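# Coordinate inspection notes
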Amino acid sequence: MYGHHRFADSPFARMGAPGFRGRGPGGRGRGTDTASPVDRAEVAGWFAGRLPDGWFTGPVEIAVDRDEITVVGPLAEPDAGEGDPAAARAGRIARFREDTREQRMAVADAAQERYGRSVAWGASCGDVREVFTNASVPVMTRLRQPERLVLDTLVDAGVARSRSEALVWAVRLVGRNADAWLTELRDAMASVEEVRARGPQP
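Residues numbered from 1 in each chain as written. Predicted model: local features only at pLDDT ≥ 70, side-chain atom pairs only at ≥ 80, totals over all residues. Heavy atoms only, no water.

## Section: the packing of aromatic side chains
Here a ring pair, both rings aromatic, is described through the centre-centre distance and the interplanar angle of the planes. Rules: A pair of aromatic rings is counted whenever rings of Phe, Tyr or Trp (Trp by its six-membered ring) have centres within 6.5 Å, and the orientation is called stacked for planes under 30 degrees apart, edge-to-face for over 60 and tilted otherwise. Under the scheme used here, helices are H or I runs from DSSP no shorter than 4 residues and strands are E runs no shorter than 2 residues, and both carry numbers assigned from the N terminus. Remark: exposure states derive from per-residue accessible area (1.4 Å probe, protein chains only) relative to the maximum for the residue type, with buried under 20%, exposed over 50%, and partly exposed in between.
Evaluated as defined, the whole model comprises 7 aromatic pairs. Their ring planes at 80 degrees and their centres at 6.2 Å tell us that Phe47 and Trp121 sit as a pair that is edge-to-face. Of the two residues, Phe47 is situated in helix α4 (residues 40–50) and Trp121 in strand β3 (residues 118–125); the sequence distance between them amounts to 74 residues. Pair check on accessibility: Phe47 and Trp121 agree, each one buried. Seen from their ring centres, Trp55 and Phe56 are 6.1 Å apart, and the 85 degrees between their planes marks the pair as edge-to-face.

As structure tokens, this is what we get:
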């Protein structure tokens, strides 16, 4: 029987099949506002030890939220010869995706068992970067990981009590320098009350 991660890298998941959710601990309750956080450094260390040595040419990028872990690693540049370099890089990423599929699924299964989150894979080659399959999680609307991380930052900092409330708060911030404020909020959790005071009032 196929597990969630085999489906996550299948054509059905890429077409956005309805009701697609993870199995195991991550599939029963992830995507709620009460999911437990994990330490990103611990996750990064686990993947550093678990990934095969020959896959990537440098450290991988790790992004973690309550629903998903995204792992993107750099690949060696191909020799395009007289061909188009961008096409060669895209081809190198496609080859990595196909050649490592079964191993990636095994690592993803182990990671989900450990952290209760699904795993999305990706690769970069030169200036070409591709994430293969990201989960789309409903939070009043369907949001991918970068957007969910913004909401989770607001919840973790105490600015909002839930993702839904954080989404309302974020709408009020449109037109202001949101990226700079959120970065400051992430880096200054110890002084969150001072940072929060500079945000819009309800």
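## Concerning α4
Worth spelling out the cut-off: This arc describes the spread of directions from the helix axis toward the C-beta atoms. We call two residues contacting when some pair of their heavy atoms lies within 4.5 Å.
All of the buried residues along α4 are Val43, Trp46 and Phe47. For α4, the angular spread of buried residues about the axis comes to 95 degrees, placing them on one side. When the buried face of α4 is taken as reference, the exposed residues oriented beyond 90 degrees from it are Ala41, Ala48 and Gly49. Check the buried side of α4 and you find it contacts β1 (61–64), β2 (68–74), α6 (101–115) and β3.

## Re the pattern of salt bridges
Defined as follows: By definition here, a salt bridge exists when the distance from a side-chain nitrogen of Lys or Arg to a carboxyl oxygen of Asp or Glu is within 4 Å.
Taken as a whole, this structure holds 14 salt bridges when the rule is applied. Its salt-bridge partner being Glu61, residue Arg129 comes within 2.9 Å of it at the nearest N-O pair. On the criterion of sequence distance, the pair formed by Arg129 in strand β4 (residues 128–131) and Glu61 in strand β1 is long-range, its members being 68 residues apart. Of the residues examined, Glu61 reaches a relative accessible area of 41% and is grouped as partly exposed. Salt-bridge contacts for Arg148 lead to Glu68; the nearest nitrogen and oxygen are separated by 3.1 Å. In this pair, Arg148 sits in helix α7 (residues 145–156) while Glu68 sits in strand β2, placing the two residues 80 residues apart along the sequence. What makes Glu68 buried here is its relative accessible area of 1%.

## Let's talk about α6
Definition in use: Helix span, as expected, comes to 1.5 Å for every residue beyond the first.
For α6, which comprises 15 residues, the first-to-last C-alpha distance of 21 Å matches the rise-based estimate of 21 Å (1.5 Å per residue) to within 8%. Among the residues of α6, those classed as buried are Arg104, Met105, Val107, Ala108, Ala111, Gln112 and Tyr115. The buried side chains of α6 occupy one side of the element, clustering within an arc of 165 degrees when seen end-on. Exposed residues pointing more than 90 degrees away from the buried face of α6 are listed as Glu102 and Glu113.

## A few points about the sheet that holds β3
The condition that has to hold: The pairing criterion for strands is at least two bridges between them, as found by DSSP. Working convention: axes come from line fits to C-alpha atoms, limited for helices to the stretch in contact. Angles between N-to-C directions cover 0 to 180 degrees.
Read from one edge to the other, the open sheet built from 4 strands follows the order β1-β2-β3-β4, with strand pairing classed as mixed. Pairing within the sheet leaves two strands with one partner each, and these edge strands are β1 and β4. Each strand axis lies, on average, 15 degrees off the axis of its neighbour in the sheet, ignoring direction. Of the strand pairs in this sheet, β1 and β2 are connected by 4 bridges, and their pairing is antiparallel. When the sheet's bridge partners are listed, Glu61 is paired in β2 with Val72. Taken strand by strand, α6 contacts β2 and β3, and its axis lies near 135 degrees from that of β3. In the packing of α7 onto the sheet, contacts are made with β1 and β2, and the angle to β2 comes to roughly 125 degrees.

## Side note on the pairing of β4
Relative to β4, β3 is paired through 4 bridges, and the arrangement is antiparallel. Looking across to β4, one finds that Ala123 is bridged to Glu130. Taken together, β3 and the strand that follows it, β4, pair antiparallel across an intervening segment of 2 residues, in which Gly126 is found at a positive phi of about 60 degrees.

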